[in-house]
Amino acid sequence: MEKVYSSQEGLDEPMTRSSQQHGGLKTMPFIIANEAFEKVATYGSTANMILYLTGAFNMEVVMGAQALFLWTAISYFLPIVGALVSDSYLGKFRVIVLASLFSLTGMVLLWLTTMIPSASPKEGEKATPAQLALLFSSFAFMAIGAGGIRPCSIAFGADQFNKPESPGNEGVLQTFFNWYYASVGVSIMVAVTIIVYIQDHKGWRFGFGIVVLLMLLSTILFVLGNPYYVKVKPTKSLFIGFAKVLVAAWKNKDLVLSPTNSIHACSYVYHHHRGSKLVAPTNNLSFLNKACIIRNPSEENLKLDGSARKPWSLCTVDQVEDLKSLMRVIPIWSTGIMVSVVVGQNSFFVLQAKNMNRHITSSFQFPAGSFVVFTILTYTIWLVVCDKIIVMLVSKVKKQKGSLTDKQRMGIGILLVCASMIVWALVENIRRKRAIEHGMSKIAHSVVDMSAFWLVPQHCLIGVSEAFNFIAQIKFYYTQFPKNMASIAVALFSVGVAVGNLVGTLIVKVVDKASKGSGNQSWLSSNLNQGHYDYYYWVLAVLSFVNFLYFLVCSWAYGSENNEEGIRVLGDDGEEVKEKNMHV
C-alpha cells in the first residue's frame, strides 16, 4: 500500500498585526485617495499620448502606436514582478511607496520634455536620440510604477479589513471594495475628460504639470497613513512554487509513471501537506506528478516537521495540483489575447476622432482623447444594470435561477469585439470617402464634415465586450483555481493584456510593411485620408472571428467549468474518497 508523507510547509498564516489599533475604516481615505489620484495621473498621461507623440515629437503614426503598445505591454507584464517582490521580499506597503516614487519620477521626466525647449524636437524635425531617451525613460519609470501599484493596492486595502473573527467583517470588506472600484471608475472618467480637455486647451506643459501634482499628492497621502496600516509580512510566492514543481519534475524525468494513480494500485510515495486532504495527484498533465514522488521513501528526504529537505527536488501534491490548475486554463486564457489587441487600438481611435467634427456647440469641441469615456460608461452601466436583466432573462428561459456561464460570456465578448471592428471599418470607409470627395486626400490633419459621434456605437460595443469577456475571464480563473491562488487570477489577466499589446505591435508592423510594398501608401499612413484604416480594421475583424472559432475548440477541450475529474482525498475515517470541485 502506498505511503503518504506530509508537511506543515505553507500552512502558516503570514499576517501579523503590530497592534490591534491598526487597520480598519480609518485607513480607507489614505488608500482610496492614493488610488484615485494615481489613476487620474496615469490615465491623464496616457489617454492623449498618441497626439503628443505625433504632434510634439513629430512621430509617424505607426512608430507612435508601436511605442504605446509596447509601453502598455510592459506596464501589464511588470505587475507579475511586483507581486513576486511584494509577496516574497518587501511586502505590499514598501512596494507601493517605491512604485509611487517611480511613477512620480516618470511623470516629472515627461513634464520636463515640455518644459525644457531642447528636450523635444522643433516643428518638422525628427527627435534626436537624447530626446527619445528622455521620453522613453519617462515611460519606463511609469511602467515600473504601475507594476508595483497595480498588484498591491487593492490587496493592501483588503489587508486592513481582514478580521475573520469580527461578525461584520464581510460587510465592511465589501464596502471597501465598492468604494475602491467606484473611485477607480470616477478617476478614469475624470482623467479622460477633464485632464484631456486641459491638455487640449491649456497645452501639454500645463496638462502634464497637473498630472505631476496629482501623483505627488497620491504618494504623500499614502505615506501619511503609515502609522495606521496593517502590514502583512512577506512569505513564499506561488511563482517560486511553480518553478519548484517544474524543476523537480525535470529532475525526476526518468521515473516511469503507472497507468493509474490509485492509492491501492501504485507503489509510489507521494509527499503532501500535513492537514491537506489531497494525498495523490490527478491523472491530467501526469508528467508533473513526478515532482511529488519520493524516490527513496526514507525519513532522510524529509525534515522533522515533514517538509522536504530539498524543495527544488521534491514538491507536495498541493503544489503540483496548483500548477496543473494554471496550465489547464492557458488555452482559454490565450483566446483573450485578441480581445486585448482590439481594446488596445485606442491610439488609432483618437486619431480618427481628431479628423472628424467634434463640435457640440459652436464654441465647444469634445476632446478626441475623451471618446473612450463612452467605453467606460457603457462598461459600468452594463455591469450595474444590463447584466442583471440578462440574469433574469436566462432564468426565465432555463426556468430556474441562473445565468450565463463564464465561458459563454467570454464567447459573447469575443463576438462583440468582432462586431465592433466591422462597425469601425464601415464608419472609417465613409469618413475617408467624404474626405476624398471634398478634396482633402492630401491634407494630413483635415477635419471632415462628419460628426465624430458616429464613433460612439463602436466604443459602446467595445465597452460591452469588455464587460462580458474581461470580467468573465477573471471570474473563470478564480473559480478554477484553488483559494490560495486567488491573486494569480488578476495576474494572469494582466499578462494577457500585456501579450495582447505585444501582438498588437506585431500586427501593426506587419500590416504597415505589407501594405506599403511596391511603393504603395501604407494602410496606416500618418495621413488617414491617404491610408486605409478601414482595411486594417477588417483585418482585425477577421482575426477576431478566427479567434472565436479557436475559443470554441478550447472551450470544448476544457470541458465543464465544474471540475469533473475526482481528486483523491482522505475522508475522516482515513479511507480514500473522491471529491469534485476541490478548486472551486
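An unreviewed UniProt entry lists the chain under the name Major facilitator superfamily (MFS) profile domain-containing protein, with Papaver somniferum as the source organism. Taken from UniProt, the Subcellular location (unreviewed entry) comment for the chain reads in full: "Membrane".

Caption draft 1: Representation of the overall build of the chain. Along the chain, the regular secondary structure elements total 16 helices and 6 strands. The 584 residues of the chain split such that 51% are buried. A sequence separation of at least 24 residues applies to 80% of the contacts in the chain between residues at least 6 apart. Looking at the chain as shown, the accessible area adds up to about 26900 Å², and 65% of this sits on carbon and sulfur atoms.

Caption draft 2: A look at the confidence of the model for the chain. Looking at the chain as a whole, the pLDDT averages 81, with 81% of positions reaching at least 70. At the level of individual helices and strands, the chain shows its lowest average pLDDT in strand E6 (residues 576–579), which scores 44, and its highest in helix H16 (residues 533–558), which scores 95. Predicted confidence is poor over residues 260–265, with pLDDT under 50, and the contacts of this stretch with residues over four places away or in other chains come to 17 contacts. Long-range and interchain partners of residues 564–584, a stretch whose pLDDT sits below 50, account for 55 contacts in this model, where long-range means more than four residues apart.

Caption draft 3: How the structure looks around the pattern of salt bridges. Counted under the stated rule, the structure contains 5 salt bridges. Across the pair Lys 39 and Glu 38 runs a salt bridge whose closest N-O atoms are separated by 3.6 Å. According to the relative accessible area criterion, Lys 39 is buried, its value standing at 11%. Since its relative accessible area comes to 4%, Glu 38 is described here as buried. The salt bridge involving Glu 321 is made with Lys 324; its shortest N-O contact spans 3.4 Å. Of this pair, Glu 321 and Lys 324 both sit in helix H9 (residues 317–334), 3 residues apart, roughly one helical turn. Each member of the pair, Glu 321 as well as Lys 324, carries the same accessibility label: buried.

Caption draft 4: Geometry of the state of the cysteines. As enumerated under the stated definition, the model contains 0 disulfides in all. Cys 292 supplies the cysteine sulfur nearest to Cys 315, a cysteine that is in no disulfide, at a spacing of 8.1 Å.

Caption draft 5: Local environment of empty space enclosed by the protein. Scanning all chains against the criterion turns up 3 cavities of 30 Å³ or more. Its boundaries defined by the atoms lining it, the second largest cavity holds a volume of some 40 Å³. Around the second largest cavity sit Asn 346, Phe 349, Val 350, Ala 353, Ala 368, Gly 369, Phe 371, Val 372, Leu 455 and His 459, which together line it. Per element, the largest residue contribution to the lining of the second largest cavity is 4 residues, and it comes from helix H11 (residues 346–354). A breakdown of the residues in the lining of the second largest cavity according to their chemical character gives 7 nonpolar, 3 polar and no charged.

Caption draft 6: Seen up close, the packing of aromatic side chains. Applying the stated criterion to the full structure yields 33 aromatic pairs. Their ring planes at 80 degrees and their centres at 5.0 Å tell us that Phe 156 and Tyr 229 sit as a pair that is edge-to-face. Residue Phe 156 is located in helix H5 (residues 129–159), and its partner Tyr 229 is located in the loop between helix H7 (204–224) and helix H8 (238–251); the two are separated by 73 residues in the primary sequence. Each of the two residues, Phe 156 as well as Tyr 229, counts as buried. Members of the aromatic cluster, each reached through a chain of ring pairs, are Phe 348, Phe 349, Trp 424, Tyr 533, Tyr 536 and Tyr 537. The ring of Tyr 76 carries Arg 150 above its face, with NZ or CZ at 4.5 Å from the centroid. A cation over an aromatic ring shows up here: Arg 328 above the ring of Tyr 558, its NZ or CZ 4.3 Å from the ring centre.

Caption draft 7: Seen up close, the layout of surface pockets. By volume, the second largest pocket amounts to about 580 Å³. Taken together, 24 residues make up the lining of the second largest pocket; nearest its centre are Leu 51, Thr 54, Gly 55, Lys 354 and His 445. Mapped by element, the contributors of at least two residues to the lining of the second largest pocket are helix H2 (49–55), helix H6 (169–202) and H11. Its residues placed into classes, the lining of the second largest pocket shows 10 nonpolar, 10 polar and 4 charged. The residues that make up the lining of the second largest pocket include at least three from each of domain 1 (21–235) and domain 3 (323–559).

Caption draft 8: Quick peek at the packing of helix H1 (residues 28–46) against H7. Interhelical geometry of H1 versus H7 gives an angle of 160 degrees and a closest axis separation of 8 Å. With respect to each other, H1 and H7 are oriented roughly antiparallel. Once H1 is placed against H7, the crossing between them reads as left-handed. When H1 is examined against H7, the residues Phe 30, Ala 33, Asn 34, Phe 37, Glu 38, Val 40, Ala 41, Gly 44 and Ser 45 are found in contact with a partner set consisting of Phe 208, Val 211, Leu 214, Met 215, Leu 217, Ser 218, Thr 219, Leu 221, Phe 222 and Leu 224. Looking at the contact of H1 with H7 residue by residue, the classes come out as 13 nonpolar, 5 polar and 1 charged.

Caption draft 9: Representation of a nonpolar patch on the surface in the model. Judged by side-chain polarity, Tyr 89, Leu 90, Leu 98, Leu 101, Phe 102 and Ile 144 come together as a nonpolar surface patch covering roughly 530 Å² of accessible area. Elements supplying a minimum of two residues to the nonpolar patch: helix H3 (61–90) and helix H4 (92–115). With 3 residues, the top contributor of residues to the nonpolar patch is H4. In this fold, Tyr 89 is placed in helix H3. Given a relative accessible area of 56%, Tyr 89 falls into the exposed group.

Caption draft 10: The arrangement of the side chain of Gln 480 in detail. The residue Gln 480 is located in helix H14 (residues 456–480) in this model. Judged by its relative accessible area of 7%, Gln 480 is buried. Polar contacts involving the side chain of Gln 480 include one to the side chain of Tyr 558, which spans 2.6 Å.

Caption draft 11: Up close: the environment of Ile 198. Mapped onto the secondary structure, Ile 198 falls in helix H6. Given a relative accessible area of 18%, Ile 198 falls into the buried group. Residues Ile 198 and Gly 44, 154 residues apart in the sequence, show an inter-C-alpha distance of 9.8 Å. Filtering out sequence-adjacent residues up to four positions away, Ile 198 remains in contact with Gly 203, Phe 206 and Gly 207.

Thresholds applied
- Residues numbered from 1 in each chain as written.
- Predicted model: local features only at pLDDT ≥ 70, side-chain atom pairs only at ≥ 80, totals over all residues.
- Heavy atoms only, no water.
- UniProt positions renumbered as here; feature names shortened; annotations may be inferred.
- Helix = DSSP H or I, 4+ residues; strand = E, 2+ residues; numbered from the N terminus.
- Buried < 20%, exposed > 50% of the residue type's maximum accessible area, 1.4 Å probe, protein only.
- Contact = heavy atoms within 4.5 Å.
- Areas by Shrake-Rupley, 256 points an atom, 1.4 Å probe, with all protein chains shown as cover.
- pLDDT = per-residue confidence, 0-100.
- Salt bridge = Lys/Arg side-chain N within 4 Å of Asp/Glu carboxyl O.
- Disulfide = S-S within 2.5 Å.
- 1 Å grid on protein atoms, 1.4 Å probe; cavity = no way out; pocket = protein on both sides within 12 Å on 5 of 7 lines; lining within 4 Å.
- Points joined across faces, edges and corners; volume = space filled by probe spheres on them.
- Nonpolar A, V, L, I, M, F, W, Y, C, P; charged D, E, K, R; others polar.
- Phe/Tyr/Trp six-rings, centres within 6.5 Å; stacked < 30°, edge-to-face > 60°.
- Lys NZ or Arg CZ within 6 Å of the ring centre and 35° of its normal.
- Domains from an automatic or database assignment.
- Axes fitted to C-alpha atoms, helices over the stretch in contact; angles between N-to-C directions.
- Parallel < 35°, antiparallel > 145°, perpendicular 65-115°, else oblique.
- Left-handed = near helix turned anticlockwise from the far one by under 90°.
- Patch = residues over 30% accessible without salt bridge, like charges linked within 9 Å, V, L, I, M, F, W, Y side chains within 5 Å.
- Polar contact = N/O pair within 3.5 Å; in protein donor to acceptor, adjacent residues only side chain to side chain.

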